[in-house]
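Given next are the chains, with one letter for each unit.
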Amino acid sequence: MHPDSPTPTERSRTSPTAGAGDRRARLVELARAATGFMPDDEGEALLAAALRAGEAFPDATFVEIGAWCGKSTVYLGAAAEATGAVLFSLDHHHGSEENQAGWEHHDPTLVDPASGRIDTLPRWRRTVMGADLERSVVGLVGDSPVVSSRWTTPLALCFIDGGHGEEPAWADFRGWSPHVAEGAWLAIHDVFPDPADGGRPPYDLWCHALDSGAFVEDGETGSLRILRRVGR
Ligand code: SAH
Ligand code: MG
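Caption draft 1: Highlighting helix α5 (residues 121–130). Trp124, Thr127 and Val128 are the residues of α5 that are buried. The buried residues of α5 occupy an angular sector of 90 degrees when the element is viewed end-on, so they sit on one face. Of the exposed residues in α5, the ones pointing more than 90 degrees away from its buried face are Arg126 and Gly130. Two residues or fewer after α5 comes aspartate 132, characterised by a positive phi angle close to 55 degrees.

Shown next, in the form of structure tokens:
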């Protein structure tokens with residue numbers, strides 16, 4: 001930020017609602033332009049759920065599993081910034097199975113020539129820095145089950161969008177859903193009730209979460225499902 005530019009508080013003092021609204025609109029614009037796998041309407045539904053979570057829990061902690069180049073990160077980061085929450089955006093940044101060479105969602109421009117492996121971390125960083133979200137968003141670089149095995153902070157919102165295969169998807173659910181606080185939110189991406197539209201695991205997680213009685217539905221937009229914890 002330029003040293004002479006108003007702080008967020010000063011900005012909202014001179015123009016009570018316009019400042020925050022302008023900032024949110026700008027972040028939505030940046031999220032839409034970012035590389036990734038999140039349709040515009042689903043991104044805005046994710047942002048809306050995260051705003052509810054950030055408003056419901058003081059000093060809220062959000063975790064997203066599956067950051068890729070930072071698209072969903074900016075939607076969630078916008079809500080974190082607006083509510084004083086902190087978003088931990090987790091990814092090993094080597095891509096999922098379906099992102100590897102020869103698979104449907106491969107992007108050769110994301111391969112690091114030195115290692116020959118996908119490395120989305122520089123792009124993720126550019127996206128988050130470009131959105132000026134570094135005070136609200138923390139990158140966690142590592143394997144999701146390793147991180148969840150040491151995690152202890154209760155979550156106001158957890159967004160599962162990591163590996164979509166059977167094993168990684170269930171590992172994310174088992175490792176992260178217990179950290180979702182009572183009354184807090186769990187969002188799952190790429191839930192396709194019709195097998196013709198996409199893979200089973202995210203849909204199976206969603207069904208399991210509802211069947212367990214621990215979560216109830218709190219909205220759906222495209223393949224995004226929002227759940228809220230009502231019990232253990
Ligand atoms: N939310 C993103 C898309 C995520 S794609 C968007 O809005 O565009 C899925 C991501 O999950 C990939 O970046 C992949 O590297 C990550 N991932 C897959 N398995 C993982 C694991 N075990 N640990 C950490 N990240 C993982
Ligand atoms: Mg997804």
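Let us keep going from here.
Caption draft 2: Just the coordination of the magnesium ion (ligand 2), in detail. Coordination of the magnesium ion (ligand 2) by the protein comes from Asp161 (OD), His189 (ND1) and Asp190 (OD), over a distance range of 2.1 to 2.2 Å. Each donor residue of the magnesium ion (ligand 2) belongs to the same chain, and together they define the spacing D-x27-H-D. Assigned by exposure class, histidine 189 and aspartate 190 land together as buried.

Caption draft 3: Spotlight on helix α3 (residues 40–56). Compared with an ideal rise of 1.5 Å per residue, which puts 17 residues at 24 Å, α3 spans 24 Å between its outermost C-alpha atoms and is within 8% of the ideal. If you check which residues of α3 are buried, you get Glu42, Gly43, Ala45, Leu46, Leu47, Ala49, Ala50, Leu51, Ala53 and Gly54.

Definitions and limits used
- Residues numbered from 1 in each chain as written.
- Chains lettered and ligands numbered in written order.
- Predicted model: local features only at pLDDT ≥ 70, side-chain atom pairs only at ≥ 80, totals over all residues.
- Heavy atoms only, no water.
- Buried < 20%, exposed > 50% of the residue type's maximum accessible area, 1.4 Å probe, protein only.
- Helix = DSSP H or I, 4+ residues; strand = E, 2+ residues; numbered from the N terminus.
- Arc of directions from axis to C-beta.
- Donors = N, O, S within 2.8 Å, 3.2 Å for Na, K, Ca; no water.
- Expected span 1.5 Å × (residues − 1).

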